[in-house]
Amino acid sequence: MEKIGIFYGSNTGKTAAIAEEIEFNLRKENYETINVADGIDTMPEFKNLILLTPTYGVGEVQEDWTNVMPEFEKIDFTGKRVAIVGLGNQFAFGESFVGGMRVLYDVVTKNGGEVIGFTSNVGYKYEETNSVIGDQFVGLALDENNQDDETPDRVMAWVEILKKNFY
């Protein structure tokens, strides 16, 4: 498998911890993890990408992602496979649960990328979200406030799927 670029933004450390959980499950795979607060200039170098964002406001990406969004929107994702992780609180913010994921999804697909790693929306209790297409999230949806006990298994299963689908 080609090298994986893991790009995340995190205010409270929860998303950074999920990036570490993904690293743990990738084990011997070749990857590099970058906090988007440090820039995304190396993103075009990767054919395999994992993008992580918590959701803030009403379905918005984390502030470091907002800061790099003008640059992110210019990246050509043609020939890249991209997996997305969204963190949110399905009870307190059930009207926009993991909406930040959709922001990243829309840019990647608009710019020619292939998004992989869709997951079932079964087992979640949210009011609505724009991060579901059909009956699947456009990536891995995690709720560290209400379902953190399910996170390790969800991440492990998801990473195994990615390993089979990345270049």
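See the structure shown above.
Residues numbered from 1 in each chain as written. Predicted model: local features only at pLDDT ≥ 70, side-chain atom pairs only at ≥ 80, totals over all residues. Heavy atoms only, no water.

Trainee: Talk me through the pattern of salt bridges; I want residue IDs and the actual numbers.
Mentor: Considering all chains together, one arrives at 6 salt bridges under this definition. Here aspartate 106 makes a salt bridge to arginine 102, at a shortest N to O gap of 2.8 Å. With a gap of 4 residues between them, aspartate 106 and arginine 102 both fall in helix α3 (residues 99–110), about one helical turn apart. Here aspartate 106 falls in the partly exposed class, since its relative accessible area comes to 36%. (Salt bridge = Lys/Arg side-chain N within 4 Å of Asp/Glu carboxyl O. Helix = DSSP H or I, 4+ residues; strand = E, 2+ residues; numbered from the N terminus. Buried < 20%, exposed > 50% of the residue type's maximum accessible area, 1.4 Å probe, protein only.)

Trainee: Got a sec to walk through unusual backbone geometry? Specific residues and values, please.
Mentor: In this structure, arginine 27 is a non-glycine residue whose phi angle is positive, near 45°. The phi dihedral of valine 98 is positive, around 45°, even though this residue is not glycine. Inspection of the secondary structure assignment puts valine 98 in the loop between β5 (81–87) and α3. A residue is classified by how much of its surface remains accessible, and valine 98, at 0% relative accessible area, is buried.

Trainee: Residues and numbers for the packing of aromatic side chains, please.
Mentor: Tallied over the full model, the rule gives 9 aromatic pairs. Plain terms: the ring middles of phenylalanine 7 and phenylalanine 46 are 5.9 Å apart, the flat faces sit at 80° to each other, and that makes the pair edge-to-face. Here phenylalanine 7, found in strand β1 (residues 4–8), pairs with phenylalanine 46, found in the loop between β2 (31–35) and β3 (48–56); they are 39 residues apart in sequence, far enough to count as distant. Neither phenylalanine 7 nor phenylalanine 46 differs from the other in exposure class; each is buried. Taken together, the ring pairs in this structure connect Phe97, Tyr124, Tyr126 and Phe137 into an aromatic cluster. A cation over an aromatic ring shows up here: arginine 27 above the ring of phenylalanine 24, its NZ or CZ 4.8 Å from the ring centre. Sitting above the plane of the tyrosine 167 ring, arginine 81 keeps its charged end 4.2 Å from the centroid. (Phe/Tyr/Trp six-rings, centres within 6.5 Å; stacked < 30°, edge-to-face > 60°. Lys NZ or Arg CZ within 6 Å of the ring centre and 35° of its normal.)

Trainee: Describe the layout of surface pockets, and please don't skip the residues or the numbers.
Mentor: The volume enclosed by the largest pocket comes to roughly 320 Å³. The wall of the largest pocket is formed by 17 residues, among which Pro54, Thr55, Tyr56, Gly88 and Asn145 lie closest to the centre. Breaking the lining of the largest pocket down by element, the ones donating at least two residues are α1 (14–26) and β3. The biggest single contributor to the lining of the largest pocket is β3, with 3 residues. (1 Å grid on protein atoms, 1.4 Å probe; cavity = no way out; pocket = protein on both sides within 12 Å on 5 of 7 lines; lining within 4 Å. Points joined across faces, edges and corners; volume = space filled by probe spheres on them.)

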